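If you want the building blocks of each chain, they are given just below.
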Amino acid sequence: MMQITKITLYLVEQTLKTPFISSLERVEERESILIKIKDAEGFEGWGEVVAFSSPWYTEETVKTCWHIIEDFLAPILYRNTIEHPSDTIDLFKGIKRNQMAKSGVETALWDLYSKRNGMSLARAIGGTRTRIASGVVVGISEVNEMINTIDKYVNEGYKRIKIKIKPGNDYHIVKSIRDRFPDLPLMVDANSSYSLEQIDSLKALDSFGLMMIEQPLESDDIVDHAKVQKHLHTPICLDESIVTYEDARKAIELGSCKIINIKVGRVGGLTEAIRIQNLCKENNIPVWCGGMLEMGVSRAVNIALASLDHFSIPGDVSASARYWEEDITVPEVKVVDGYIDVPEKPGIGFDLNMKRLKAVTKYKKEILSN
Ligand SMILES: O=C(O)CCC(=O)C1=CC=C[C@@H](O)[C@@H]1C(=O)O
Ligand SMILES: [Mg+2]
């Protein structure tokens, strides 16, 4: 039984090594919230909230998450004894959506729970892999610059490259990259920048042997995606549209996608992420672990998630050095020959780099229990 005695929130900010550009936004300064949860026996768990500063990817922001955690989720934790992190599904039921806020808290409880039980987070959630295959994302820029960046990542051993596309910035870019790297495991992510009327632009990509096209249409759509999938050979992968297990079930039933990108934050935590992977396994829908330009705590959670057996496609879990001069956890996440080792230490398997955390913290607050 976990009796929560202290919850502390940290607002942190780090500058990305290079700005990240998608069809919707340019991210340069990355804010996040870190959550530290302490229990009556002195164990500590850490979680990271992956919402961005503005609501371009989903409706949540750093500020909405802070509000939801401070005013609603933390009081629930103080009022209840918790046996298992999955108890939060019921405890948080009265609070609609706000998945990233819930996930930050739930993953901190998973870290706490696995530390209390002397197990790694990966083993606590049933992960079996000892290492995970790593892929990396290349943002939108001038095509020769993208090719040089891809070349660098391929030489670093990354197993799969994802590039960002948008209408008008698609066919010629993919063609140039394919000409240069004919056999590269390559996929594209449109972040919902196409409409049904632009289906021909998507069909034109069919000739490039892409692993998948991620989220071409609206971020809450599964109906039109099903229509498009019928006319495409390339599998559609859904990201933004899948926020719950029920969304995944309906999308699979409708044929809206052939692959799902699971992001822990987007679906409200590890418990829901695991349920979605199990559903996909039953339905032969491959899954992979998405990224959120995250710092070390959430990166560690992604490594644990991707150690589950049905995560068969290299995801967006890359090295700490992909984004950060110095990460907030130690040791840094490293990619060796295209793989990241799954840590065996109890909990998330990485320690907080307290010096770095202090340097990047803009504001810190202990949430009081009444
Ligand atoms: O974390 C990473 O390495 C990159 C993640 C990434 O590609 C994304 C993060 C957040 C929003 C998007 O632009 C994009 C995605 O949609 O998957
Ligand atoms: Mg995506």
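Predicted model only: the values in this text are computed from it and were never measured. Here the residue numbering is sequential within each chain, running from 1 through the sequence in written order. Whichever chain is written first is A, and whichever ligand is written first is 1; the rest continue in order. Where totals are concerned, whole chains, interfaces and linings use all residues; where local detail is concerned, this predicted model gives features only for residues with pLDDT of at least 70, and gives and counts side-chain atom pairs only at 80 or more. Processing note: side-chain calculations cover all non-hydrogen atoms of the structure and skip hydrogens and water entirely.

For the rest of this paragraph, the subject is the overall build of the protein chain. The way it works is that DSSP assigns letters per residue, a run of H or I at least four long becomes a helix, a run of E at least two long becomes a strand, and they are numbered from the N terminus. The number of helices and strands found in the protein chain is 12 helices and 16 strands. Only C-alpha atoms enter the radius of gyration, while the globule expectation follows 2.2 Å times N to the 0.38, with N the number of residues. Against the globule reference of 21 Å for 370 residues, the protein chain gives a C-alpha radius of gyration of 20 Å, in line with a compact fold. When the backbone C-alpha atoms are referred to their principal axes, the protein chain occupies close to 60 × 40 × 35 Å. By the burial criterion, 59% of the 370 residues in the protein chain qualify as buried. Of the contacts formed within the protein chain by residues at least 6 apart in sequence, a portion of 72% connects residues at least 24 apart. Exposed residues in this analysis have more than 50% of their type's maximum accessible area, buried residues have under 20%, and partly exposed residues fall in between, with area computed by a 1.4 Å probe over protein chains only. Residues count as neighbours in contact if any of their non-hydrogen atoms are within 4.5 Å of one another.

Core analysis: the largest hydrophobic core is formed by 126 residues, its most contacted members being Ile 4, Ile 7, Ile 37, Ile 163 and Ile 260. The element contributing the most residues to this core is helix α1 (residues 62-79), with 10 residues. Residues in contact with Ile 260, not counting those within four places in the same chain, are Cys 237, Leu 238, Ile 242, Ala 248, Ile 252, Cys 280, Ile 285, Pro 286, Val 287 and Trp 288. By size, the runner-up hydrophobic cluster in this structure holds 6 residues, among which are Met 187, Met 212, Cys 237 and Ile 259. What makes a nonpolar core is a set of buried Ala, Val, Leu, Ile, Met, Phe, Trp, Tyr and Cys residues whose side-chain atoms join them at distances within 4.5 Å.

Sites flagged by UniProt as "domain: Mandelate racemase/muconate lactonizing enzyme C-terminal" (unreviewed entry) map to residues 143-235. What you have in residues 143-235 is 41% helix and 12% strand, and the ends, taken at the C-alpha atoms, are 24 Å apart. UniProt positions are given in the numbering used here, feature names are shortened, and annotations may be inferred rather than shown by experiment.

It is worth spelling out the coordination of the magnesium ion (ligand 2) at this point. Tetrahedral coordination by four donors puts the ideal angle at the metal at 109.5 degrees, and octahedral coordination by six puts it at 90 or 180 degrees. For Na, K and Ca the donor cutoff is 3.2 Å, while for all other metals N, O and S atoms count as donors only within 2.8 Å; water does not appear among the atoms, so some sites may look incomplete. Every protein donor of the magnesium ion (ligand 2) is listed here as Asp 189 (OD), Glu 214 (OE) and Asp 239 (OD), and their distances to the metal cover 2.1 to 2.3 Å. Along the chain, the residues that donate to the magnesium ion (ligand 2) are spaced as D-x24-E-x24-D. Here Glu 214 is found in strand β9 (residues 213-214), whereas its partner Asp 239 is found in the loop between β10 (236-238) and α9 (245-254), with 25 residues between them in sequence. Asp 239 carries the same exposure label as Glu 214, and that label is buried.

Salt bridges are identified by distance alone: a Lys or Arg side-chain nitrogen within 4 Å of an Asp or Glu carboxyl oxygen. In this structure the tally under the stated criterion is 26 salt bridges. Its salt-bridge partner being Arg 249, residue Glu 246 comes within 2.8 Å of it at the nearest N-O pair. Residue Glu 246 and its partner Arg 249 are located together in helix α9, separated by 3 residues, close to a single helical turn. Look at Arg 249 and you get partly exposed, because its relative accessible area is 29%. Among the ionic contacts, a cluster of salt bridges with common partners joins Arg 160, Lys 162, Lys 164, Asp 189, Glu 214 and Asp 316.

On to α9, then. All buried positions along α9 are accounted for by Tyr 245, Asp 247, Ala 248, Ala 251 and Ile 252. On an axial view of α9, the arc spanned by its buried residues comes to 160°, and they lie on one face. On its buried face, α9 sits against β10, β11 (259-262) and α10 (270-282). Immediately beyond the C-terminal end of α9, within one or two residues, lies Gly 255, with a positive phi of roughly 80°. By definition, the arc is the one covered by directions from the helix axis to the C-beta atoms.

In this section: the site of ligand 1. Being near a molecule or strand, for a residue, comes down to having at least one heavy atom within 4 Å of it. Looking at ligand 1, there are 19 residues lining it, with Lys 164, Asn 191, Lys 263, Leu 293 and Tyr 323 nearest. Polar contact criterion, stated in full: a pair of N or O atoms within 3.5 Å, where within protein one must be able to donate a hydrogen and the other to accept it, and residues adjacent in sequence count only if both atoms are side-chain atoms. At 2.9 Å from an oxygen atom of ligand 1 is found a side-chain nitrogen or oxygen belonging to Lys 263. Met 292 is positioned with one of its backbone polar atoms (N or O) 3.2 Å from an oxygen atom of ligand 1. Protein contacts shield 100% of the accessible area of ligand 1, which totals 400 Å² for the unbound molecule. When each cavity is represented as a set of grid points, ligand 1 is found to reside in the largest cavity. Each residue gets one of three labels, nonpolar for Ala, Val, Leu, Ile, Met, Phe, Trp, Tyr, Cys and Pro, charged for Asp, Glu, Lys and Arg, and polar for the others, Gly among them. By residue class, the composition of the shell around ligand 1 is 8 nonpolar, 3 polar and 8 charged. Residue burial considers only the protein chains on display, and all accessible areas are found by Shrake-Rupley using a 1.4 Å probe. In the cavity and pocket records, a cavity denotes points on a 1 Å grid over the protein atoms alone where a 1.4 Å probe fits but cannot get out, a pocket denotes an open set with protein on both sides within 12 Å along at least 5 of 7 lines, and lining residues are residues with an atom within 4 Å of a point. Cavity and pocket membership follows a simple rule, namely that a molecule belongs there if more than half of its atoms are within 2 Å of the grid points.

Pairing of aromatic rings covers Phe, Tyr and Trp, the last counted by its six-membered ring, and requires centre-to-centre distances within 6.5 Å; plane angles under 30 degrees mean stacked, over 60 mean edge-to-face, and any other angle means tilted. Inspection of every chain in the model, using the stated rule, returns 10 aromatic pairs. Ring geometry for Tyr 10 and Trp 46: centres 5.4 Å apart, planes at 40°, overall tilted. In this pair, Tyr 10 is assigned in strand β1 (residues 2-21) and Trp 46 in strand β3 (residues 44-49), connecting sequence segments 36 residues apart. The exposure class assigned to Tyr 10 is buried, which follows from its relative accessible area of 5%. Taken together, a centroid distance of 6.1 Å and an interplanar angle of 65° make the contact between Trp 56 and Tyr 57 edge-to-face. On the accessibility criterion, Trp 56 (16% relative accessible area) is buried. For Tyr 57, a relative accessible area of 6% gives the class buried. By the ring-pair criterion, three or more aromatic residues cluster together here, those being Phe 20, Tyr 323 and Trp 324. Its end group placed over the ring of Tyr 339, Arg 131 keeps NZ or CZ at 3.5 Å from the ring centre. Put simply, a charge is over a ring when the Lys NZ or the Arg CZ is close to the ring centre, within 6 Å, and near the line of the ring normal, within 35 degrees. A cation over an aromatic ring shows up here: Arg 275 above the ring of Tyr 245, its NZ or CZ 4.1 Å from the ring centre.

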